Amino acid sequence: MTPQVALSTSDWIFLAGVIFQGLAFVGVIVSLLLLRAQGSTARDATLAVAYQNMAAQMADVARFFVDNSDLRPYFFGSKAVPASRDERNRVLAVAEMYVNFMDNVLTQAPVLKRAGVAADWEAYFLDVYKTSPVIREFWSEHGSAWYAHSPLTSLYTPTRLGP
């Protein structure tokens, strides 16, 4: 039989302190894991809202062209920029609105971290650029000055636009 060692009061206090610190450490780890899960959930919610905002903006643009169907050919039908001053100003104002929309979407798209989303939007906006003389004119007049730090500057390069 092994002799039993009696613990003094200070030994018991020390042992209780070690146990308490161990439990506190476990509590900190659990708290950190829960905080990480909460952050991940908040990030996912933010990404969902960003995507919904982009979809809502696209729906607004589509509604605009339904309500103003006479303008649609300038953006999707290769129709030349009108010669009359008033109509030209109207079409260029819509071009500015559309370029702002494109800039907003391409700025947000990479944050979504969904494979291919940014590339899909880029392909769509490249097609719009190629079929819209008014977008091309607006971009050539204002693109480098007004959108110098926009993702559109890397999209609308001679290499990406092709011949």
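Going by the structure above, here's the rest.
Report on the accompanying structure. Here the structure is a predicted model, which is why all the values come from computation and not from measurement.

Counting its regular elements, the protein chain contains seven helices and zero strands. Ordered by position from the N terminus, the helices and strands of the protein chain form the series α-α-α-α-α-α-α. Against the 2.2 N^0.38 benchmark of 15 Å for 163 residues, the protein chain shows a C-alpha radius of gyration of 30 Å, more extended than a compact globule. Across the 163 residues of the protein chain, 28% fall into the buried class. Restricting to contacts in the protein chain with at least 6 residues of sequence separation, those with at least 24 account for 65%. About 10800 Å² of surface is accessible on the protein chain, with carbon and sulfur atoms providing 62% of the total. The positive charge centre, built from 13 side chains, and the negative charge centre, built from 14, are 4 Å apart in the protein chain.

What follows is about the nonpolar core. By size, the foremost hydrophobic cluster in this structure holds 35 residues, and its most contacted members are Tyr98, Phe125 and Ile135. Of all elements in the fold, only α1 (9-67), α2 (72-76), α3 (85-108), α4 (117-131), α5 (133-146) and α6 (152-155) reach the threshold of two or more residues within this core. Every residue in contact with Phe125, bar those within four places of it in the chain, is listed here: Tyr98, Phe101, Met102, Val105, Leu106, Leu155 and Tyr156.

Glancing now at unusual backbone geometry. Backbone geometry at Ser78 places phi at a positive 60°, although glycine is not the residue there. Residue placement: Ser78 occurs in the loop between α2 and α3. A residue is classified by how much of its surface remains accessible, and Ser78, at 45% relative accessible area, is partly exposed.

According to the stated counting rule, one finds 15 aromatic pairs in the structure shown. For the pair Phe76 and Tyr98, a centre-to-centre distance of 6.1 Å together with 80° between the ring planes defines the contact as edge-to-face. In this pair, Phe76 sits in helix α2 while Tyr98 sits in helix α3, placing the two residues 22 residues apart along the sequence. Ring geometry for Phe101 against Trp121: centres 6.3 Å apart, planes inclined by 80°, an arrangement best described as edge-to-face. Remark: Trp121 occurs in helix α4 and Phe101 occurs in helix α3; sequence separation between them is 20 residues. Trp121 shares its class with Phe101; the two are buried. By the ring-pair criterion, three or more aromatic residues cluster together here, those being Phe64, Phe65, Phe75, Phe76, Tyr98, Phe101, Trp121, Tyr124 and Phe125.

Thresholds, definitions, all that
- Residues numbered from 1 in each chain as written.
- Predicted model: local features only at pLDDT ≥ 70, side-chain atom pairs only at ≥ 80, totals over all residues.
- Heavy atoms only, no water.
- Helix = DSSP H or I, 4+ residues; strand = E, 2+ residues; numbered from the N terminus.
- Rg over C-alpha atoms; globule rule 2.2 N^0.38 Å.
- Buried < 20%, exposed > 50% of the residue type's maximum accessible area, 1.4 Å probe, protein only.
- Contact = heavy atoms within 4.5 Å.
- Areas by Shrake-Rupley, 256 points an atom, 1.4 Å probe, with all protein chains shown as cover.
- Lys, Arg positive; Asp, Glu negative; His and termini not counted.
- Charge placed at Lys NZ, Arg CZ, Asp CG, Glu CD.
- Core = buried A, V, L, I, M, F, W, Y, C linked by side-chain atoms within 4.5 Å.
- Phe/Tyr/Trp six-rings, centres within 6.5 Å; stacked < 30°, edge-to-face > 60°.

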